[in-house]
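Analysis of the macromolecular model
Next come the chains, spelled out residue by residue.
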Amino acid sequence: MTRTDDKTGPNHVAVIMDGNGRWAQQRGRPRLFGHHAGARRVREIVRACPDEGVKYLTIFAFSTENWKRTQTEVSGLMALFRRYIMREAKALFDEGVRVRFIGDRIKLDDKLVRLMDNLEMFTADNDKVHLTIALNYGGRDEVTRAAQRLAFEVEQGRLSYKDVDAETLSKFLDTRFLPDPDLVIRTSGEARISNFLLWQSAYAEYEFIDTLWPDFTKDVFAQVLSGYGKRERRFGAVLA
Ligand code: IPE
Ligand code: IPE
Ligand code: MG
């Protein structure tokens, strides 16, 4: 089913890719096995976006809280991210995908950060799909870092405290180049947002589905999107 001409489809979809660990556990395998299976799904979902009329896809890959996991899992995930970028860069470029990262890079290792920077530069002129990967991302951390940079501008006399409004603050967020998400999907049955896009999702629709991320096929994606068009978004107003 193509939704390209369907104006009611979401322009920006954000996904909390959850359930990799349980998916592996169900198969008696280590958690990293689930993360690898999850990474393979990303390509399928990115590829499905043009047909579904989704221009912006933002995915939660690693949260500021995920450092609390075992060292084996954390270093396995970091190696997976490096490998993912190296392996997927060409295909992403060829498919017209522009890739950007949000989150704090300071805690990530230099090699990974270099790969991230390179992929951003390499795909900078693409415009078919905008893929944003949240890596060491937390909503509170992002707003805190934005507030810090804003305070610095005020301290330097380049900005007056009177100019601090929602629009100005937005410009200091990692997501400054993104429209707000229209739809946030979380897989694996948990109905919480776990610090994802707190500011940006003020008026987003939410879909919590039971499917574990490694089982999230493009057909499941299409099914979730088809439910979105039936909703009435009011943004606080009373619609006639
Ligand atoms: C989501 O899957 C991926 C990351 C957080 C990196 P989980 O690893 O959280 O999987 P579950 O929730 O334990 O099943
Ligand atoms: C959210 O999933 C983070 C990512 C999907 C990267 P978690 O599995 O870390 O969230 P909690 O711990 O269940 O809230
Ligand atoms: Mg989880």
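1. Some words on the overall build of the chain
Counting secondary structure elements, the chain contains seven helices and six strands. Taken from the N to the C terminus, the helices and strands of the chain come in the order β-α-α-β-α-β-α-β-α-α-β-β-α. Expected size for 240 residues packed as a compact globule is a radius of gyration near 18 Å; at 18 Å, the chain falls within 12% of this value. Projected onto its principal axes, the C-alpha coordinates of the chain cover approximately 55 × 50 × 35 Å. For the chain, the residues scored as buried account for 48% of the 240 residues in total. Residue pairs at least 24 apart in sequence account for 76% of intrachain contacts in the chain once pairs closer than 6 positions are excluded. Summing over all exposed atoms, the chain offers an accessible surface of approximately 12600 Å²; the carbon and sulfur share of this is 51%.

2. A short note on the packing of aromatic side chains
Taken as a whole and assessed by the stated rule, the structure comprises 11 aromatic pairs. Aromatic side chains Phe-62 and Trp-67 sit 5.0 Å apart centroid to centroid with 75 degrees between the ring planes, which places their arrangement in the edge-to-face category. For the cation-ring pair, Arg-29 lies above Phe-33, with the distance from its terminal atom to the ring centre recorded as 4.0 Å.

3. A short note on the side chain of Thr-58
Tracing the backbone through its elements, the reader meets Thr-58 in strand β2 (residues 56–63). Of the polar contacts made by the side chain of Thr-58, one reaches the side chain of His-12; its length is 2.7 Å. Sequence-distant contacts of Thr-58, that is, excluding residues within four places in its chain, are made with His-12, Val-13, Ala-14, Val-15, Ile-102, Thr-132, Leu-178, Phe-196 and Leu-197.

About the thresholds
Residues numbered from 1 in each chain as written. Chains lettered and ligands numbered in written order. Predicted model: local features only at pLDDT ≥ 70, side-chain atom pairs only at ≥ 80, totals over all residues. Heavy atoms only, no water. Helix = DSSP H or I, 4+ residues; strand = E, 2+ residues; numbered from the N terminus. Rg over C-alpha atoms; globule rule 2.2 N^0.38 Å. Buried < 20%, exposed > 50% of the residue type's maximum accessible area, 1.4 Å probe, protein only. Contact = heavy atoms within 4.5 Å. Areas by Shrake-Rupley, 256 points an atom, 1.4 Å probe, with all protein chains shown as cover. Phe/Tyr/Trp six-rings, centres within 6.5 Å; stacked < 30°, edge-to-face > 60°. Lys NZ or Arg CZ within 6 Å of the ring centre and 35° of its normal. Polar contact = N/O pair within 3.5 Å; in protein donor to acceptor, adjacent residues only side chain to side chain.

In short, shape yes, function no, at least from these values alone.
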